[in-house]
Amino acid sequence: MTDEAGLPDTGAVESAPKQEAADLVADLADDAPAERMLIALDIDGTVLLEDDSLSPGVAEATTDAQTAGHEVMLATGRSWDSTHPIMERLGIRPEYAVCSNGAMVMKRVGGDESAVYERAHVETFDPTEVLTLLGEHLPGAHFLVELPDGTRRFTDYLDDWNLKGANQVSFAHLSDEPVCRVVVVAPEQTDQDFLQLVERIGLSQVSYAIGWTAWLDIAPQGVDKSTALELVRGWLDIAPENVLVMGDGRNDIEMMRWAVRNGGRAVAMHQGPPEVHAAAGEVGLSVTEGGVAAILRAL
């Protein structure tokens, strides 16, 4: 049999004009489901404004992204007790949440509608050395530690802290057992003062991040938001290039570098400091302008 014998009769194959065919391809592309993304959002200065209200449009945008099949989660320096209420306000119940700057990962147990979470991963360290060092140089500072079970201990009251369920103790008792993180606030200091202090005294065997004010967050060595997010990404089996992170603070720098380094995307909020902008390589609108909502709606 010749090759021609295997061909259909003339006129047996329907054809379409070029424009009609192009429109059909476009329609199919629009209907095709987008690849699932891992979208990790910082809270303060990214999802929340300074007055604790939500950034414009963020609740609707995160809900829409979740409905589209993406994993929209929070990656924060906050403890779990201060994180899950924000998830409720956003209307999201992701499979995981990264808390305590990566020292704790919470996992949802039950179905998609479950609001019950348990600890999936916890990192700890002995805070004795770093607390002794900081106590010598910052005698007027406020200190707080978070234990592996989520319990918190603090030395002095501070309006900015959610201290519901926390226990006030003496400075010496902060080091009674291993902790997930140490938080230090010195109201009379600036963030630049803290940067200079850390450089001068050196902080070994720990990871640290300095906030907008004189706020120092200390985690176990080698632990930050990126290390926890890499665990989550692997558990969810989401490709590195399908990662999007957004944040505004210095404790977001490592997760931004991690995302970009692995082919993903990082967006810094406009009001963030220059070093955060540099780490992300992409700068969006500010939190007051609805920066997160604008990025999510454009996906």
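Rules of the game
- Residues numbered from 1 in each chain as written.
- Predicted model: local features only at pLDDT ≥ 70, side-chain atom pairs only at ≥ 80, totals over all residues.
- Heavy atoms only, no water.
- Axes fitted to C-alpha atoms, helices over the stretch in contact; angles between N-to-C directions.
- Helix = DSSP H or I, 4+ residues; strand = E, 2+ residues; numbered from the N terminus.
- Parallel < 35°, antiparallel > 145°, perpendicular 65-115°, else oblique.
- Left-handed = near helix turned anticlockwise from the far one by under 90°.
- Contact = heavy atoms within 4.5 Å.
- Nonpolar A, V, L, I, M, F, W, Y, C, P; charged D, E, K, R; others polar.
- Buried < 20%, exposed > 50% of the residue type's maximum accessible area, 1.4 Å probe, protein only.
- Right-handed = clockwise from strand over helix to strand, strands pointing away.
- Arc of directions from axis to C-beta.
- Core = buried A, V, L, I, M, F, W, Y, C linked by side-chain atoms within 4.5 Å.
- Phe/Tyr/Trp six-rings, centres within 6.5 Å; stacked < 30°, edge-to-face > 60°.
- Pairing = 2+ DSSP bridges.

Asker: Would you mind showing me how to read the packing of helix α4 (residues 128-137) against helix α5 (residues 191-201) here?
Answerer: Geometrically, a packed helix pair is captured by the angle between its two axes and the distance between the axes. Between α4 and α5, the shortest axis-to-axis distance is 12 Å and the interhelical angle comes to 120°. Considering the angle they form, α4 stands oblique to α5. Crossing of α4 over α5 shows right-handed handedness. Of the residues in α5, those in contact with Leu-133, Leu-134 and His-137 of α4 are Leu-197, Arg-200 and Ile-201. Residue composition of the contact of α4 with α5, grouped by class: four nonpolar, one polar and one charged.

Asker: When you look at the pairing of strand β2 (residues 71-74) in this model, what are you seeing that I'm missing?
Answerer: In regular strands, side chains alternate between the two faces of the sheet. Here β2 shows no split at all, with Glu-71 and Met-73 on one side and Val-72 and Leu-74 on the other all buried. Viewed along the sheet, the connection from strand β1 (residues 38-41) through helix α2 (residues 58-67) into β2 turns out right-handed.

Asker: Would you mind showing me how to read α4 here?
Answerer: What sets the pattern is the α-helix's 3.6 residues per turn: residues three or four places apart point alike. Every buried residue belonging to α4 is among Val-130, Leu-131 and Leu-134, and all of these are buried. Axial view of α4: buried residues confined to an arc of 95°, hence all on one face. Exposed residues on α4 whose side chains face more than 90 degrees from its buried face are Glu-129 and Glu-136.

Asker: I would appreciate a short explanation of the side chain of Asn-101 in the present structure.
Answerer: Within the secondary structure, Asn-101 sits in the loop between β3 (96-99) and β4 (104-108). Ignoring sequence-local partners within four residues, the contact set of Asn-101 consists of Thr-76, Gly-77, Asp-217, Val-223, Asp-224, Lys-225 and Asn-251.

Asker: I would appreciate a short explanation of the nonpolar core in the present structure.
Answerer: Side chains of a nonpolar character, in soluble globular proteins, are inclined to be buried together. Counting 33 residues, the largest nonpolar core has Ile-39, Leu-41, Val-47, Leu-74, Leu-244 and Met-246 as the members making the most contacts within it. The set of elements that each furnish at least two residues to this core consists of β1, α2, β2, α3 (80-90), β3, β4, β12 (243-247) and α9 (291-297). If near-sequence neighbours (up to four positions away) are discounted, Leu-74 is found in contact with Leu-41, Ile-43, Val-47, Thr-83, Ile-86, Met-87, Leu-90, Ala-97 and Val-98.

Asker: Where do I start with the packing of aromatic side chains in this structure?
Answerer: Within a pair of aromatic rings, the relevant descriptors are the distance that separates the centres and the angle that separates the planes. Tallied over the entire structure, the rule returns three aromatic pairs. For the pair Trp-80 and Tyr-117, a centre-to-centre distance of 5.0 Å together with 50° between the ring planes defines the contact as tilted. Linking Trp-80 in helix α3 with Tyr-117 in strand β5 (residues 117-122), this pair joins segments that are 37 residues apart in sequence. The burial state of Trp-80 is the same as that of Tyr-117; both residues are buried. Note on Phe-143 and Phe-171: the rings are 5.0 Å apart at their centroids and 75° apart in plane angle, and the pair reads as edge-to-face. Of the two residues, Phe-143 is situated in strand β6 (residues 142-146) and Phe-171 in the loop between β8 (167-168) and β9 (181-190); the sequence distance between them amounts to 28 residues.

Asker: Explanation requested: the sheet that holds β2 in the structure shown.
Answerer: Each strand in a sheet pairs with its neighbour through backbone hydrogen bonds, running either in the same direction (parallel) or in the opposite one (antiparallel). Within the open sheet, the four strands sit side by side as β2-β1-β12-β13. Their pairing is parallel. At either margin of the open sheet sits one strand with a lone partner, and together these are β2 and β13 (265-268). On average, each strand axis in the sheet is tilted by 15° relative to the strand beside it, whichever way the strands run. Strand direction decides the pairing type here: β1 and β12, joined by four bridges, are parallel. Considered in β12, the bridge of Leu-38 is made with Val-243.

Asker: Can you walk me through the environment of Cys-99 in this structure?
Answerer: The residue Cys-99 is located in strand β3 in this model. What makes Cys-99 buried here is its relative accessible area of 0%. Here the alpha-carbon distance between Cys-99 and Val-122, two residues 23 residues apart in the chain, equals 9.8 Å. Once residues lying within four places of it in the same chain are set aside, the contact partners of Cys-99 are Thr-76, Arg-78, Ser-79, Trp-80, Thr-83, Met-104 and Met-106.

Read these as geometric descriptors, not functional statements.
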